[in-house]
Amino acid sequence: MQSLCFNPAAPGFPPLQNQNNINLTLKSPRPAPFAPQYPRRMPTRRPHRTPVQAGVRAGGRDGPENSILPNLHEALLNPKHDQGSSTAANRVRGSLPGDQPGRATLRGKRRPIQDGCAHVTPWQVAILDLFPLRSSFPLSSPWGNEGRAAELRGNCTMLGLSLREVSAALKQGQISPVELCRKCLSRIRETRFLNAYITVSEDKALKQAEESEKRYEKGRALGILDGIPIAIKDNFSTAGIETTCASHMLKGYIPPYNATVVQKLLDQGAVLLGKTNLDEFAMGSGSTDGIFGPVRNPWSYSRQYREKRKPNHHRVDEDSNWLITGGSSGGSAAAVSAFTCFAALGSDTGGSTRNPAALCGLVGLKPTYGLVSRYGLIPLVNSMDVPGILTRCVDDAAIVLGILAGHDVKDSTTTQDPVGPFILPILRDVSKLCIGIPKEYHTPGLSSETQALWSKAADLFESKGAKVVEVSLPHTSYSIVCYHVLCTAEVASNMARFDGLEYGHRCNVNVSTEAMYAATRREGFNDVVRGRILSGNFFLLKENYDDYFVKAQKVRRLIANDFVKVFNSGVDILLTPTTLSDAVPYVEFIKEDNRTRSAQGDIFTQSVNMAGLPAINVPMALSSQGLPVGLQLIGRAFSDQQLLTVARWFEEQVQFPVIQLQELMDNCQSIFQHEKLTSVSLK
Amino acid sequence: MAAPMLQWARAGRCWLLGPCPRRMILLFAEPGPGRVRGQSSAAAQEPRPGAQEWAAVVGLEIHVQISSNSKLFSGSQVTFLAPPNSLVSFFDASLPGTLPVLNRRCVEAAVMTGLALNCTVNKKSLFDRKHYFYADLPAGYQITQQRRPIAINGSLTYSLGVGALWSPSATKTVRIKQIQLEQDSGKSLHDDMRSQTLIDLNRAGVGLMEVVMEPDMSCGDEAATAVKELQLILRALGTSQANMAEGQLRVDANVSVHHPGEPLGVRTEVKNLNSIRFLAKAIDYEIQRQIKELENGGKILNETRAFDEKLGCTVSMRDKEGKQDYRFMPEPNLPPLILYDTESLPMGADPQQVVNIDRIRESLPELPSVTRERLVEQYGILPEHSFALLNEDGLLEFFQNVMKETRAEPKKVIGWILSTFLGYLKQRNLAVSESPVSPSSLAELLSLLDDKVISQPAAQQVFEELWQNQGKSPGQIVQEKKLELLHQQEELEEICQAVLDQHPQEVMAVKKGNHKVVNKLIGLARRATLGRADPVKIKQILEKQLQ
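These numbers come from a predicted model, not from an experiment.

(A) The arrangement of the overall build of chain A in detail. The secondary structure content of chain A amounts to 23 helices and 12 strands. Scored against the burial criterion, the 683 residues of chain A give a buried share of 66%. Counting contacts in chain A only where the partners sit at least 6 residues apart, residues at least 24 apart contribute 79% of the total. Summed over its atoms, the accessible surface of chain A is roughly 22800 Å², and 53% of this surface lies on carbon and sulfur atoms.

(B) View of the overall build of chain B. Helix and strand content of chain B: 18 helices and 17 strands. Within chain B, the proportion of its 547 residues that are buried is 53%. Long-range pairs, those at least 24 residues apart, make up 70% of the contacts in chain B with a sequence separation of at least 6. Accessible surface for chain B amounts to roughly 25900 Å². Of this, 50% is attributable to carbon and sulfur atoms.

(C) Main features of the environment of Glu-405 of chain B. The residue Glu-405 of chain B is located in helix H10 (residues 395–405) in this model. Note: C-alpha distance between Glu-405 of chain B and Ser-447 of chain B (42 residues apart in sequence) is 8.5 Å.

(D) Representation of the interface of chain B and chain A within the structure. Taken together, the contacts link 30 residues of chain B with 40 residues of chain A. Of the roughly 2800 Å² buried between chain B and chain A, counting both surfaces, carbon and sulfur atoms make up 57%. At the boundary of chain B and chain A, one finds 17 residue pairs in polar contact (both at pLDDT 80 or more). Looking at the side of chain B that touches chain A, the elements with two or more residues in it are strand E5 (128–131) and strand E16 (329–330) of chain B.

(E) Structural context of the UniProt feature "active site" (unreviewed entry) in chain A. Residue and element names in this part refer to chain A. Under the feature "active site" (unreviewed entry), the UniProt entry names Lys-233, Ser-328 and Ser-352. Look at the named residues: they lie 120 residues apart in sequence, but the longest C-alpha span between them is just 11.0 Å, so in the fold they bunch up. With respect to the helices and strands, the residue Lys-233 is situated in strand E2 (residues 229–233). Ignoring anything within four residues of it in the chain, the contact list for Lys-233 reads Lys-275, Thr-276, Leu-278, Ala-282, Ser-328, Ser-329, Ser-332, Leu-345, Gly-346, Ser-347 and Ser-352.

(F) Structural context of the domain arrangement of chain B. Partitioning chain B into structural domains gives domain 1 (55–330), domain 2 (368–481) and domain 3 (489–546). Look at where the C-alpha atoms of domain 1 of chain B and domain 3 of chain B centre, and you get two points 65 Å apart.

(G) The side chain of Asp-234 of chain A, seen in detail. Residue and element names in this part refer to chain A. Tracing the sequence through the fold places Asp-234 in the loop between E2 and helix H9 (260–267). Polar side-chain contacts of Asp-234 include one of 2.5 Å to the side chain of Thr-244. Reaching out from Asp-234, the side chain makes a polar contact with the side chain of Lys-275 at a distance of 3.0 Å.

(H) Molecular detail of a positive patch on the surface. All names here are of chain A. A contiguous patch of positive charge on the surface is contributed by Lys-204, Lys-207, Lys-214, Lys-218 and Arg-220. You can see Lys-218 is positioned in the loop between helix H8 (202–217) and E2. Lys-218 gets classed as exposed once you look at its relative accessible area, which sits at 59%.

(I) Just the sheet that holds strand E6 (residues 141–144) of chain B, in detail. Residue and element names in this part refer to chain B. Sheet architecture is open: three strands sit in the order E6-E5-E16, paired in antiparallel fashion. Both edges of this open sheet fall to E6 and E16, since each of them pairs with a single strand only. Looking at chain direction, E5 and E16 are connected through two bridges and run antiparallel. Residue Arg-129 lies in a different strand from E16, and its bridge partner there is Met-329.

(J) Fine view of the nonpolar core. The biggest cluster of nonpolar side chains holds 175 residues, and the ones touching the most others in it are Phe-281 and Phe-461 of chain A. With residues up to four places along the chain from it excluded, the contact list for Phe-281 of chain A reads Cys-245, Ser-247, Met-249, Leu-250, Ile-378, Leu-380, Met-495, Phe-498, Phe-525 and Val-529 of chain A. Residues Cys-119, Met-213, Ile-233 and Leu-249 of chain B belong to the second largest nonpolar core, which totals 72 residues.

(K) Spotlight on the packing of helix H8 (residues 368–379) of chain B against helix H9 (residues 383–391) of chain B. Residue and element names in this part refer to chain B. Contact geometry for H8 and H9: axes closest at 9 Å, N-to-C directions at 130°. Regarding the angle of H8 to H9, the classification is oblique. Read as a crossing pair, H8 and H9 show a hand that is right-handed. Of the residues in H9, those in contact with Pro-368, Thr-371, Arg-372, Leu-375 and Val-376 of H8 are Pro-383, Ser-386, Phe-387, Leu-389 and Leu-390.

(L) Region of interest: the pattern of salt bridges. This model, assessed by the stated rule, comprises 34 salt bridges over all chains. Across the pair Arg-215 of chain A and Asp-226 of chain A runs a salt bridge, and its minimum N-O distance is 2.8 Å. A residue pair is termed long-range when its members are at least 10 positions apart, and Arg-215 of chain A in helix H8 and Asp-226 of chain A in the loop between H8 and E2 qualify at 11 residues. Accessibility assignment for this pair places Arg-215 of chain A and Asp-226 of chain A in one class, buried. Here Glu-506 of chain B ties to Lys-520 of chain B by a salt bridge, and the two come within 3.0 Å at their closest N and O atoms. Remark: Lys-520 of chain B occurs in helix H17 (residues 517–528) and Glu-506 of chain B occurs in helix H16 (residues 504–511); sequence separation between them is 14 residues. Judged by relative accessible area, Glu-506 of chain B falls into the buried class, the value being 13%. For Lys-520 of chain B, a relative accessible area of 47% gives the class partly exposed.

(M) Local environment of the confidence of the model for chain A. Predicted confidence across chain A gives a mean pLDDT of 78, with 72% of residues reaching 70 or more. The model gives residues 1–155 of chain A a pLDDT under 50, and that stretch makes 299 contacts with residues more than four places away or in other chains.

(N) The arrangement of the environment of Lys-171 of chain A in detail. Inspection of the secondary structure assignment puts Lys-171 of chain A in helix H6 (residues 163–171). Considering only alpha carbons, one finds Lys-171 of chain A and His-407 of chain A, 236 residues apart in sequence, at a separation of 30 Å.

(O) Just the side chain of Arg-532 of chain A, in detail. All names here are of chain A. For Arg-532, the location among the structural elements is in helix H17 (residues 527–540). Despite its burial, Arg-532 pairs with no opposite charge; the closest candidate is Asp-602, at 6.3 Å N-O. The contact partners of Arg-532, leaving out residues within four places of it in the chain, are Met-283, Gly-284, Leu-380, Cys-487, Thr-488, Val-491, Asn-594 and Ser-598.

(P) Quick peek at the packing of helix H11 (residues 410–428) of chain B against helix H13 (residues 456–468) of chain B. All names here are of chain B. With their axes 12 Å apart at the nearest point, H11 and H13 run at an angle of 35° to one another. Of the two elements, H11 crosses H13, and the hand of that crossing is right-handed. In this structure, H11 uses Trp-416, Thr-420, Phe-421, Tyr-424, Leu-425 and Arg-428 to contact H13, whose residues at the interface are Gln-456, Ala-459, Gln-460, Phe-463, Glu-464 and Trp-467. Residue composition of the contact of H11 with H13, by class: seven nonpolar, three polar and two charged.

(Q) Highlighting the pairing of strand E9 (residues 573–577) of chain A. All names here are of chain A. Judged by how many residues are buried, E9 sits mostly within the fold: five of five residues are covered. Residues Ile-573, Leu-575 and Pro-577 of E9 are buried on one face, and the alternating residues Leu-574 and Thr-576, pointing to the opposite face, are buried as well. Sheet analysis places E9 next to strand E11 (residues 628–635), joined by five bridges and oriented antiparallel. Bridging across to E11, Pro-577 finds its partner in Leu-631.

(R) Structural detail: H13 of chain B. Residues and elements named next belong to chain B. Spanning 13 residues, H13 covers 19 Å between terminal C-alpha atoms, matching the ideal 18 Å at 1.5 Å per step. Every buried residue of H13 is accounted for by Ala-458, Ala-459, Val-462, Phe-463, Glu-465, Leu-466 and Trp-467. Buried-residue contacts for H13 involve H11, helix H12 (439–450) and helix H14 (474–481).

(S) Broad picture of the packing of aromatic side chains. Residues and elements named next belong to chain A. Counting across every chain of the model gives 29 aromatic pairs over all chains. Taken together, a centroid distance of 5.2 Å and an interplanar angle of 50° make the contact between Tyr-257 and Tyr-375 tilted. Taken together, the residues Tyr-257 in the loop between E2 and H9 and Tyr-375 in the loop between strand E5 (363–366) and strand E6 (386–391) connect sequence positions 118 residues apart. As far as burial versus exposure is concerned, Tyr-257 and Tyr-375 are alike and both buried. Put simply, the rings of Tyr-253, Phe-281, Phe-498, Tyr-503 and Phe-525 touch in pairs and so form one group of aromatic residues.

Each value, and the rule that gives it
Residues numbered from 1 in each chain as written. Chains lettered and ligands numbered in written order. Predicted model: local features only at pLDDT ≥ 70, side-chain atom pairs only at ≥ 80, totals over all residues. Heavy atoms only, no water. Helix = DSSP H or I, 4+ residues; strand = E, 2+ residues; numbered from the N terminus. Buried < 20%, exposed > 50% of the residue type's maximum accessible area, 1.4 Å probe, protein only. Contact = heavy atoms within 4.5 Å. Areas by Shrake-Rupley, 256 points an atom, 1.4 Å probe, with all protein chains shown as cover. Buried area = accessible area lost by both parts, 1.4 Å probe. Polar contact = N/O pair within 3.5 Å; in protein donor to acceptor, adjacent residues only side chain to side chain. UniProt positions renumbered as here; feature names shortened; annotations may be inferred. Domains from an automatic or database assignment. Patch = residues over 30% accessible without salt bridge, like charges linked within 9 Å, V, L, I, M, F, W, Y side chains within 5 Å. Salt bridge = Lys/Arg side-chain N within 4 Å of Asp/Glu carboxyl O. Lys, Arg positive; Asp, Glu negative; His and termini not counted. Charge placed at Lys NZ, Arg CZ, Asp CG, Glu CD. Pairing = 2+ DSSP bridges. Core = buried A, V, L, I, M, F, W, Y, C linked by side-chain atoms within 4.5 Å. Axes fitted to C-alpha atoms, helices over the stretch in contact; angles between N-to-C directions. Parallel < 35°, antiparallel > 145°, perpendicular 65-115°, else oblique. Left-handed = near helix turned anticlockwise from the far one by under 90°. pLDDT = per-residue confidence, 0-100. Nonpolar A, V, L, I, M, F, W, Y, C, P; charged D, E, K, R; others polar. Expected span 1.5 Å × (residues − 1). Phe/Tyr/Trp six-rings, centres within 6.5 Å; stacked < 30°, edge-to-face > 60°.

What follows is the structure, encoded as structure tokens:
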């Protein structure tokens, strides 16, 4: 049924059949050398398409990120697709862009660059090759559908591209930086009901785009990101742009300097669209606890999710059933997922980048602690914070990491060793890899679907020749309580500077300095922040310090040593779930308090921060509800490149579907039109 | 942070009050109003029959501002008396997201100071956060070294008395518990009229060394002498200007009293000591106060007291309710500070990135105690003179410059410098560097004196002239004022004969055997030469003529 052509005017989509099969979301086997083989569990579907050529590899997530194209593709190029017996598996595959017959036409034209970093999706290349100039894009396209062709030229074509693709398009003049920026800004406007952005710096972004345009005209582009719109979580300092941490305490605070990571992106010519929403001071795992309100998961409005919803869900209660993004970098995740930007920065202290990445179907990279500068990142837990990267594919994450990584004299905790350049070699053979499956991660709260996907992923590695072993991280269960002590202690310390004197909120009380402090902090922080400050100060009291803080530090060491032992035993990569389940509706989520939610949300991700290791969420498949489920890969410290290489291999194997968003969002927009989302200030 | 260390002080290391201050002649003490001075000894002067003697225990915490171009963790400049808030980086103002970056110079200064104070320099030291809310502490915490400071277990030797009473036993040693690197705070200016507080963050984040001295001292004089010696060492090293008036050296004293053999008493902390003189006075006052309080059946509170310069006493500072819990925790943004020696230095290490303790040890300048020994040996001057030379900033250099250019004996030079020259400076409240008389002028003057070109009184006259009229050399002044000694025998004989002729009565008296009258005649003869004759010579001539 997904072969029904996308029609913006269509009133809706028929409900999906065969919903029970939804956990079979892995791609069916392909004859290609690197295609996954699941003879045991997957219904074998011998492909009726051109075999993948060894030399031209599937683009994977580099492919179109937009709902239109796969459908279009499916409709145009795969007409014989068995509509009647459309299972969840093939439905998903149907959405996949990378494995289409059209590529055959490209053979020899775009070969992957030998370093393995270039792989433009074949269909995209086809478009580029056929219609090198957007102005000359023929109305009567060989795709046989003028409407589609027009759409291809529209926002979403460009907005769904990978970084390499959009960079190439900019270079070749397919689109200008200003046009691209405008498209993103209008996309932000269209999706403002998601509440992904706190501040949209429209004027500044356009100015940056204009400057980028001038550079392109002179043929002096700064770098691969020149002219590419990005978004930054609102806890990174941005010179001249309000940085709030979603807290009253910093409302109106305009930093006079750029965080190092922000500066590095700007130095590459990236266009900074705005600042994305989060939990107040990044304390949360839902992006629901900031003063600007919760972030909505774009997948709430995806065709995949809507179609899977039970029939008794009607339009009426749709608004109350939207899903959380996860957090605390939920705004960044929503921004990337909804195609408002090409990459976004999050921060990751206990899983704040990987968690929303998992729930929003994105790649979320937490680099090794010390690889990327924290200067300018408003801290949560200094010893665990890492700037995180949210992108739609692993290759994009590697590109951004390559720009961000490296020593920063302003951050003494960054490595002084040379790093990068994070160009990912193509992994052809995983037989030398050893994948560890930590047995302690089989926790009671883990949903059976996630559990099943996790074992499928393990099987996938095994079937491709990798050694998959069960390993033990015995101190995992202490991670949450240990994190609680260490996190709150650092929070208590870090938040001490917010006293209303130098910057940020100040109350009207002026009886005494002490009274002013107390009132300012009471007014400025929400309950979560105040609660953590209180606990943290309790743990740091002289009489408690040894019993709590010192003990927690010792446990942290044990947790870190667990990883060291496992990696020393020959394991290269650990494979775990990222979250307990797929995204839950907001109304469900807020039934628990922030602490419980954070403990649950961070359960698989937190200990990685304790150990400072690199970890990445790779979206694997859709759940029975049509929502993304991601898995986490964890690597040795400073083996980010290896981690990304394996992640990309995995990404290619699983062929996660693209969110199908457009028409539903169009519908939703009218719903939200009357809503006043004052938090989104389009300046 | 000396609070706990007082409790662990070595038993039996406390001194009786009596003998200590009486024996010494303070090198630096200026005559005070006398009300407080010497009170510590007074406490033991008249022990009531049967009453036990009191012993006082004094420990010091000294905050030394490191002399560096930029602050401890930021690139802001360090300058005294800059316009308010003109030297404040984003980090100093604690803007969120900023991080500390350790200043290499401050580390080297601390290592240097540690070595000079015979400390063990820790190859690995750690930074901690000490939390308290105060308006001039923007981050809400101070970065310090609580758990593992950069240097530990040192000692400082100081000499209490010199001169006639000088003896090696007056040389004392105070143990240095530790030296830690930490941030200075900003300054609060309280405007009571408008009930507002103004904050200047220029000082916020300046590098400090906190030198913690064990409670090995027993009176104000000991403490003051130890601090003076520390000051000299710091200046010799160049690690601090150590100027108390400018707040580059701040001393807090922990004081308690007890009966010898009994556990230490409750201590008080005395703050607000901004000169060495007041430090001694405040400690002695505090010892006295505590003894009186205890003898009257009172109790000593563990409190902070401030010294009131005008009243000459310590007063209780309103302590913030309850005890402060600083909630120390490790500073997560600074990795452990690793220092190397030549042996442990990693191969190919960037010299800009490592601090080599051995290299610093090799480059240590001469320390004051060594300088003094050298002066005594080299110039044959008295030990107390060597102290005096070092105690005045720039005086040693002045002395050495004079010595380079003059033919005069070092003993003569030192006499002139310590009495005449220093006297002039003190009278006019000038520093050595502000002296209108240059070392070479003084050297020339002393050479003239030494060559007997002029007499001692004439030399005084020339010095006065030099002080008043800059630009003239001593030679010029001598010529203009005709101050040269008369050397020609005939001329002098004539003058003497004239004197004898004019005073027959005196001549008669001498001849009758009253030899004291000769002195009168000598005086008359000298007056006749306008002081330009050598009295010894005149005496010889007169005696000859009288025979």
